[in-house]
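This is what each chain is made of:
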Amino acid sequence: MGEDIRSCRSGGGGSSSCVVGMMLAMLITVSVFEPVSSSARQQFFAAPGSYTYQRLDIHVTEKTTSRRGDNRRSFIPASRGMSEFLPRASTSAVHDQLQTHTTGGGDGVQANLMHRYAPSSPFRPVNATRSQLMKESLSRDYIRVLGIHAHIQKMVNGMLPEAKFQTLYQQHEEASAGNSDFQAPVVSGLTMGSGEYFVQLSIGTPAKSTYLVVDTGSDILWLQCSPCDNCYQQSGPVFNPLASSTYATVRCGSKLCLDLDISGCQQSDCLYQVDYGDGSFTLGDFSTDTVTLNSATTAGGQVVLNSIPMGCGHDNEGYFVGAAGLLGLGKGPLSFPSQVGAAIGDKFSYCLTDRETDTTDRSLLIFGNAAVPAGVMFTPQVKNAKISTFYYLQMTGISVGGDLLSIPAHVFQLDASGDGGVIIDSGTSVTRLANAAYIAMRDAFRAATKKLTSTTGFSLFDTCYDLVGMTTVDVPTVTLHFQNGADMDLPASNYLIPVDNSNTYCFAFAGTTGPSIIGNVQQQGFRVVYDNVNYQVGFLPGQCT
């Protein structure tokens, strides 16, 4: 199997004690878009867009209500414009077993969330138009979904993930050759890095603030560490483990090391590697250190979480740019929620604001009992015996204009092999629905919007409208139904979104041959609660703070 994770493959590492245990697995990285509510119609005003990157405010006017969603929404388009693996740092501290404890945890901890394109975001590109940013997001999203599908196919059918991904990506590139909608724009400061929602927290002692990508489709917390040979460009300095008095390496043979999907040893130290479905990877020392967040109690203050497992990455390559690393929020034993669960409760929630909301309006990622507000409607998590990371839900139907569509139940079901089903994911932007479900929903939406002027598709969107000169637009409601009545009544801003500064709006869903994925465009404006104690996921609209 080679001698060390990637350094052993290339003959590096220089250690005769290199022992590798590899169970090839992949995780995913990240991406995003818009907000949520329930009602009858929606109105929006459309004004000419300026070059500064912004988007319209969607105001929902409540008219009538019904269990399966109401007939139409009117919304007012008040359009705004947009304007390789190195010798690791030596440390005397060695961590054998995890004993996570907190200092001042209370009912929970929290951290600020921010979108990549928020006006005050350090990751916001310079001089990019809305159309350019939308094309970049959709291209990144396409790669994300390919990665998820490749990972699932590997775990379910044993397909070689890298080959599968490269085949699909090559098809994407060939299809893009004559289609500018699929090409990433060349804009100063604009990069194809993964991740669209970022969390700000502090790591080490003394605590160093850093941005990490938030990802429910991954299990490991990792960040770039010095010395670093193959590292991508990030915002802020690379973490120096020698500068943290609480940093400790994990021993080989420990439970933490054995829990890794891909692990290796160099002398007595545990090495980790995470291969993502999109071909990206990170590898380095598996270690522990403190993570500091804000208290979720009214008293405020900070909470120190001790001995949190993390990857200290010395070789990080692929679709990473901007953030220092990734905060894995999946269901695996090494994910951040799983590791802090014993101390503050294995529950977390977020409310995603849209891409044009400034950092002053950023929302919160909350862990612990404080993550569950009153009034949340829950639906059970569905277990996939082949894949532990993803959050599967049982979707029961879709309504358009108050009418429940005729979609066979099996379209949304997870089959015995572990394929199919419905995943909710923070890193996928646009909701992908199994083709049968997507076509039924799209056709119903088109039939109810015949009076609107249709226009050519945009990237992966095949249903778009030219709303130039319109002041009020009526569109049918869209509701996603889940087991136990946990419906997502979407506001128009979560399914009819602007793609340029010329008042072109597109129906923000797409079809897929893989499992359905509920993306963050449709999640925006909802408090989405992941209760891993009771194995359920809940939704509550209008809970961004």
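Residues numbered from 1 in each chain as written. Predicted model: local features only at pLDDT ≥ 70, side-chain atom pairs only at ≥ 80, totals over all residues. Heavy atoms only, no water.

Visitor: Let's hear about the overall build of the chain: which residues, and what values?
Guide: Scanning the chain from N- to C-terminus turns up seven helices and 36 strands. Evaluated residue by residue, the chain yields a buried proportion of 60% over its 545 residues. Accessible area of the chain: about 19100 Å², with a carbon and sulfur share of 50%. (Helix = DSSP H or I, 4+ residues; strand = E, 2+ residues; numbered from the N terminus. Buried < 20%, exposed > 50% of the residue type's maximum accessible area, 1.4 Å probe, protein only. Areas by Shrake-Rupley, 256 points an atom, 1.4 Å probe, with all protein chains shown as cover.)

Visitor: Could you give me a rundown of the packing of aromatic side chains, with the residues and numbers involved?
Guide: A full pass over the atoms with the stated rule returns 14 aromatic pairs. For the pair Phe-348 and Tyr-391, a centre-to-centre distance of 6.3 Å together with 70 degrees between the ring planes defines the contact as edge-to-face. Placement of the pair is Phe-348 in strand 18 (residues 347-351) and Tyr-391 in strand 21 (residues 391-393), with a sequence separation of 43 residues. We note that Phe-348, like Tyr-391, is buried. (Phe/Tyr/Trp six-rings, centres within 6.5 Å; stacked < 30°, edge-to-face > 60°.)

Visitor: An account of the state of the cysteines is requested, with residue identities and associated values reported.
Guide: Per the stated rule, a full pass over the model turns up five disulfides. Here Cys-252 engages in a disulfide with Cys-265; their sulfurs sit 1.9 Å apart. Taking the torsion about the sulfur-sulfur bond, which here is approximately -135 degrees, the covalent link between Cys-252 and Cys-265 counts as left-handed. With a gap of 13 residues between them, Cys-252 in the loop between strand 12 (248-250) and helix 4 (255-258) and Cys-265 in strand 13 (residues 262-266) connect regions that are remote in the sequence. Its relative accessible area of 22% is what places Cys-252 among the partly exposed residues. According to the relative accessible area criterion, Cys-265 is buried, its value standing at 15%. Covalently, Cys-257 is tied to Cys-270 through a disulfide, its sulfur atoms 2.1 Å apart. Because the torsion about its S-S bond is 90 degrees, the bridge between Cys-257 and Cys-270 counts as right-handed. In this pair, Cys-257 is assigned in helix 4 and Cys-270 in strand 14 (residues 269-276), connecting sequence segments 13 residues apart. The exposure class assigned to Cys-257 is buried, which follows from its relative accessible area of 4%. (Disulfide = S-S within 2.5 Å.)

Visitor: Describe in detail the confidence of the model for the chain, supporting the description with residues and values.
Guide: Mean pLDDT over the chain stands at 75; residues scoring 70 or higher make up 69%. Considering only residues more than four positions removed or in separate chains, one finds that residues 6-70, a stretch of pLDDT under 50, has 314 contacts. Here residues 171-193 is modelled with pLDDT under 50, and outside its nearest four sequence neighbours on either side it reaches 45 contacts, counting other chains as well. (pLDDT = per-residue confidence, 0-100. Contact = heavy atoms within 4.5 Å.)

Visitor: Describe the sheet that holds strand 31 (residues 496-498), naming the residues involved and giving the relevant values.
Guide: Ordered in space as 26-27-32-31, the four strands form an open sheet in which the pairing is antiparallel. Edge positions in the open sheet fall to strand 26 (454-455) and strand 31, since each of these has one partner strand only. For strand 31 and strand 32 (residues 504-507), the ladder comprises three bridges, and the chain directions are antiparallel. Following the sheet pairing, Ile-497 is matched in strand 32 by Cys-506. With respect to the sheet, helix 6 (residues 435-448) is in contact with strand 27 (464-466), strand 31 and strand 32, its orientation differing from that of strand 32 by roughly 140 degrees. (Pairing = 2+ DSSP bridges. Axes fitted to C-alpha atoms, helices over the stretch in contact; angles between N-to-C directions.)

Visitor: An account of the environment of Gly-217 is needed here, citing residue identities and associated values.
Guide: In this structure, Gly-217 sits in the loop between strand 10 (208-215) and strand 11 (222-224). Given the relative accessible area of 1%, Gly-217 is considered buried. Between the C-alpha atom of Gly-217 and that of Gly-332, which follows or precedes it by 115 residues, the distance is 9.8 Å.

Visitor: Provide a residue-level description of the side chain of Thr-210, including the pertinent values.
Guide: Structurally, Thr-210 is set in strand 10. When sequence neighbours within four positions are dropped, the list of residues in contact with Thr-210 reads Val-199, Gln-200, Leu-201, Ile-203 and Ala-324.

Visitor: Break down the pairing of strand 22 (residues 395-400) for me, citing the residues and quoting the values.
Guide: Burial analysis of strand 22 places five of its six residues in the buried class, the great majority of the element. One ladder, built from five bridges, connects strand 22 with strand 29 (residues 478-482); its direction is antiparallel. Bridging from a neighbouring strand, Ser-399 pairs with Thr-479 of strand 29. If you look at the hairpin formed by strand 22 and strand 23 (residues 403-404), you'll find two residues sitting between the two strands, and Gly-401 has a positive phi there, around 60 degrees.

Visitor: Let's hear about the nonpolar core: which residues, and what values?
Guide: If you look at the biggest cluster of nonpolar residues, it comprises 72 residues, and the most contacted ones within it are Phe-336 and Ile-398. The leading source of residues in this core is strand 16 (residues 302-317), at five residues. Sequence-distant contacts of Phe-336, defined by excluding residues within four places in its chain, comprise Asp-219, Leu-221, Val-291, Leu-293, Leu-305, Ile-308, Leu-327, Gly-328, Leu-329 and Phe-367. Within the second largest apolar cluster, 20 residues are counted, among which are Tyr-272, Phe-286, Phe-320 and Leu-326. (Core = buried A, V, L, I, M, F, W, Y, C linked by side-chain atoms within 4.5 Å.)

Visitor: So what's going on with the environment of Leu-480? Which residues, and what values?
Guide: Mapped onto the elements of the fold, Leu-480 is located in strand 29. Under the relative-accessibility criterion, Leu-480 is labelled buried at 0%. For the pair Leu-480 and Thr-396, spaced 84 residues apart in the sequence, the C-alpha separation amounts to 8.1 Å. Non-local contacts of Leu-480, meaning those with residues more than four positions away in its chain, are made with Met-395, Gly-397, Ile-398, Ala-486, Asp-487, Met-488, Leu-490 and Ile-518.

Visitor: Please provide a residue-by-residue account of the sheet that holds strand 29, values included.
Guide: Taken together, the four strands give an open sheet; going across it, the order is 23-22-29-30, and neighbouring strands pair in antiparallel fashion. Each edge of the open sheet carries a strand with a single partner, namely strand 23 and strand 30 (488-490). Its contacts with the sheet put helix 6 on strand 22 and strand 29, and the angle it makes with strand 22 is roughly 20 degrees.

Visitor: Break down the pairing of strand 20 (residues 377-382) for me, citing the residues and quoting the values.
Guide: Relative to strand 36 (residues 536-541), strand 20 runs antiparallel, the two sharing four bridges. Residue pairing across strands places Pro-380 opposite Gln-536, the latter belonging to strand 36. Two strands pair when backbone bridges link them, and strand 20 and strand 21 are joined in this way by two bridges, in the antiparallel orientation. Note that in strand 21 the partner of Gln-381 across the bridge is Leu-393.

Visitor: Talk me through helix 6; I want residue IDs and the actual numbers.
Guide: Here helix 6 contains 14 residues, and its C-alpha end-to-end distance of 20 Å stays within 8% of the 20 Å for a straight helix at 1.5 Å per residue. What helix 6 keeps buried is the set Ala-437, Tyr-438, Met-441, Arg-442 and Phe-445. On an axial view of helix 6, the arc spanned by its buried residues comes to 120 degrees, and they lie on one face. (Expected span 1.5 Å × (residues − 1). Arc of directions from axis to C-beta.)

Visitor: For the pattern of salt bridges, give the residues involved together with the corresponding values.
Guide: In the structure shown here, the tally under the stated rule is seven salt bridges. Across the pair Arg-144 and Asp-425 runs a salt bridge whose closest N-O atoms are separated by 2.7 Å. Of this pair, Arg-144 sits in helix 2 (residues 130-157) while Asp-425 sits in the loop between strand 24 (422-424) and strand 25 (431-434), placing them 281 residues apart in sequence. For Asp-462, the salt bridge goes to Arg-446, with nearest N and O atoms at 3.9 Å. Residue Asp-462 is located in the loop between strand 26 and strand 27, and its partner Arg-446 is located in helix 6; the two are separated by 16 residues in the primary sequence. Members of the salt-bridge network, linked through shared partners, are Arg-442, Asp-443, Arg-446 and Asp-462. (Salt bridge = Lys/Arg side-chain N within 4 Å of Asp/Glu carboxyl O.)

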